[in-house]
Every structure is written in C-alpha cells, then in structure tokens.
Amino acid sequence: MNYRLTEPTLFENAFPQYKNLDFNAVDLKIQAADAFGNKYCHSTGDSNVHEEQSHVITSPKYYTDEIAGIFDEMKAEHGINSMHVYVSYQAGAGNLGKHNDYDDVLLIQSVGGMEYLVGNETFFIKEGDALFIPAGTYHTPKVFSQRITLSFAWIDAAIYETN
C-alpha cells in the first residue's frame, strides 16, 4: 500500500488477518484501566453508562497480547509509530464526533462495522477493511454495532514540539 496518499482511500479486505479480535479480552483491559482511572484508556460520549460510551486505549500497557503483536507488525512492515484502539459496545455509542488529526491515519476495522463521513464522502468499513484519512481532514465516525477499530498513525514529532 502507498500511504503517501492525499485523498481519503478505502482498502477493502486489505487486512483480513486482523478480523475478529477477542472482544472480551479487550473489554477486560478496559475494565482494569477504568478501575484505576487511567488516562491511557478513556471514554468518549455524553453518557455515563459504560456500554453507551466508546473507549479509547492509547497505551501499549493496556493492549492485549494479540493487539500488541499487531502493533509490532505494523511498526515493522508499515513504519507506523502510534496506535489507538477504539472500542464500542453497541450501535450509537458516543464517540469523538467530527474532528481532524494532525497526522495521517489508517483505520483498520477488526470487529463490527463503522461509517465515516469524510468531507462530502461516506465510507463504510467492515471487518478487514482499512480507511486512509490524510492529516488535517475532518471526519465524523458513526458506530453501527459492537466494534473494535485500530487507528494507526505516522506521528510527526515536530508538529507536537511546535504546538
């Protein structure tokens, strides 16, 4: 894959090996982090009900062994240097809403499906699909079901050092 893209791009079934991660194992990691109020695993959405929120794991400390292996593989094969794991328990779960990222992002759907409004285009990603979103591009996620989405980035440290 060429990640030097300038437009949002959908890659259908590009990562079939990442389908069907163990949702229960990921949930146990989230519950453990929540119990300690950890800043590296936080919730998004307006609800205070665990199942109505989306949860974001931002530290390898809270990755399952399976997810840690995927992170290592993506670093070695694609040069990524950051990964967030987004987990939702049901359709309509809260999420980040419309936002943009400083870095190019590659979203890989592992469990369930998601819709992303990117500019004026709508993309639906299913298990094994990937969606590339260039840095600075506004996008709005919509949760359709229980899901795990892996979000990879090529972080440019200089951006963060100057802001």
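Since the model is a prediction, treat every value here as computed from it, not as a measurement.

Student: How would you sum up the overall build of the protein? Please name residues and give values.
Tutor: Broken down by element type, the protein carries 3 helices and 10 strands. Helices and strands in the protein line up, N terminus first, as β-α-β-β-α-β-β-β-β-β-β-β-α. Counting over 163 residues, the protein shows a buried share of 45%. A total accessible area of about 8,200 Å² is found for the protein, and carbon and sulfur atoms account for 48% of it.

Student: Report on the sheet that holds strand β7 (residues 121-125), specifying residues and quantitative values.
Tutor: One open sheet accounts for 3 strands, arranged β7-β6-β9; its pairing is antiparallel. Among the strands making up the open sheet, the edge pair consists of β7 and β9 (139-143). Within this sheet the neighbouring strands show an average axis-to-axis angle of 20 degrees, counted without direction. Sheet analysis places strand β6 (residues 114-118) next to β7, joined by 5 bridges and oriented antiparallel. Each bridged residue has a counterpart across the sheet, and for Tyr116 the counterpart in β7 is Phe123.

Here is what the cut-offs are and how they apply
- Residue numbers run consecutively from 1 along every chain, following the written order of its sequence.
- This being a predicted model, a pLDDT of at least 70 is required before a residue's local features are given, and a value of 80 or more before pairs of side-chain atoms are given or counted; all residues contribute to the totals for chains, interfaces and linings.
- As a convention, hydrogens and water are excluded, and side-chain values are obtained from all of the structure's heavy atoms.
- Secondary structure elements follow DSSP: runs of H or I of four or more residues count as helices, runs of E of two or more count as strands, with numbering from the N terminus.
- Burial here depends on accessible area, computed with a 1.4 Å probe over protein chains only, as a share of the maximum for the residue type. Under 20% is buried, over 50% is exposed, and the range in between is partly exposed.
- Using the Shrake-Rupley algorithm and a 1.4 Å probe, accessible areas are obtained, with residue cover drawn only from the displayed protein chains.
- DSSP bridges decide pairing: two strands pair if at least two such bridges lie between them.
- Note on geometry: axes are lines fitted to C-alpha atoms, helical ones only across the stretch in contact, with angles between N-to-C directions running from 0 to 180 degrees.

The values are spatial; any link to function lies outside them.
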